[in-house]
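Observations on the three-dimensional arrangement
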Amino acid sequence: PLLSLAIIYAAIWMFLTSRLYLAAPATVAEERIRTFETWRWTKGEGWRISFARLILLFPAWLALTVLQAGLSSLLGAGAFNPTGMQALMLSEPLKYLALLAPMQILSLLVYSGLEAALSAYLYKGLKPASAAQTT
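What about the overall build of the protein chain?
- Of regular secondary structure, the protein chain possesses seven helices and zero strands.
- Tracing the protein chain from N to C terminus, the helices and strands come up as α-α-α-α-α-α-α.
- Against the globule reference of 14 Å for 135 residues, the protein chain gives a C-alpha radius of gyration of 19 Å, more extended than a compact globule.
- Over its C-alpha atoms, taken along the principal directions, the protein chain stretches across nearly 60 × 35 × 20 Å.
- The burial tally for the protein chain puts 27% of its 135 residues in the buried class.
- In the protein chain, the share of contacts with a sequence separation of at least 24, taken over all contacts with a separation of at least 6, comes to 64%.
- Approximately 9,100 Å² of the protein chain is accessible, and the part contributed by carbon and sulfur atoms is 73%.

This is how it looks when you write it as structure tokens:
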């Protein structure tokens, strides 16, 4: 039941954030805050945008997961072993941070960059012609 609830929550969150996905590029491009105006621009496109995000981010997530697993194995924590990671964290916290901090930074850069690129691309395609006249 908990997994089902988490999946439902994740799907709703993905859909809602996809409906507001154009807010950031619209705000930057038009030099004015455009949050809820972009909601209309994505009407009927929420699931398509969500699917595009998943298609883009899943390979990046998979590559980063494999990279982190390889690095954690080199450090002796075990590839997909939470107990090994916990043991590494408790026994050698600096070694753990040497793995965790760069991976977190790399993940942030990769995911944020991909999301920004996709939202900018979709902004160009989904922005109505009338939106340029209202600025």
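A few points about the side chain of Ser 18
- Looking at the element boundaries, Ser 18 is found in helix H1 (residues 2-19).
- A polar atom in the side chain of Ser 18 sits 2.7 Å from the backbone oxygen of Met 14.
- Leave out the neighbours within four places in its chain, and Ser 18 touches Thr 42, Gly 46, Ile 49, Ser 50 and Arg 53.

Quick look at the nonpolar core
- Grouped together as the largest cluster of nonpolar side chains are eight residues: Tyr 21, Leu 22, Ala 26, Trp 41, Ile 49, Leu 118, Leu 122 and Tyr 123.
- Sorting elements by how many residues they give to this core places helix H6 (residues 93-126) first, with three residues.
- Ignoring sequence-local partners within four residues, the contact set of Leu 22 consists of Thr 38, Trp 41, Thr 42, Ser 119, Leu 122, Tyr 123 and Leu 126.
- Residues Ala 77, Met 85, Leu 99 and Met 103 belong to the second largest nonpolar core, which totals seven residues.

Considerations on unusual backbone geometry
- You will see that Glu 31, though not glycine, has its phi angle at about 55 degrees, which is positive.
- For Glu 31, the location among the structural elements is in the loop between helix H2 (23-30) and helix H3 (37-41).
- For Glu 31, a relative accessible area of 74% gives the class exposed.

Examining a nonpolar patch on the surface
- Taken together, the side chains of Phe 58, Trp 61, Leu 62 and Val 66 make up a nonpolar region of the molecular surface, amounting to roughly 410 Å² of accessible area.
- Locating Leu 62 in the fold gives a position in helix H4 (residues 46-74).
- On the accessibility criterion, Leu 62 (40% relative accessible area) is partly exposed.

Brief notes about the pattern of salt bridges
- Under the definition given, this model contains four salt bridges.
- Close ionic contact of Arg 34 with Glu 37 constitutes a salt bridge, the shortest N to O distance being 2.4 Å.
- Judged by relative accessible area, which is 3%, Arg 34 ranks as buried.
- Exposure remark for Glu 37: the relative accessible area of 25% places this residue in the partly exposed category.
- Residues joined in a network through salt bridges with shared partners are Glu 30, Arg 34 and Glu 37.

Parameters and conventions
Residues numbered from 1 in each chain as written. Predicted model: local features only at pLDDT ≥ 70, side-chain atom pairs only at ≥ 80, totals over all residues. Heavy atoms only, no water. Helix = DSSP H or I, 4+ residues; strand = E, 2+ residues; numbered from the N terminus. Rg over C-alpha atoms; globule rule 2.2 N^0.38 Å. Buried < 20%, exposed > 50% of the residue type's maximum accessible area, 1.4 Å probe, protein only. Contact = heavy atoms within 4.5 Å. Areas by Shrake-Rupley, 256 points an atom, 1.4 Å probe, with all protein chains shown as cover. Polar contact = N/O pair within 3.5 Å; in protein donor to acceptor, adjacent residues only side chain to side chain. Core = buried A, V, L, I, M, F, W, Y, C linked by side-chain atoms within 4.5 Å. Patch = residues over 30% accessible without salt bridge, like charges linked within 9 Å, V, L, I, M, F, W, Y side chains within 5 Å. Salt bridge = Lys/Arg side-chain N within 4 Å of Asp/Glu carboxyl O.

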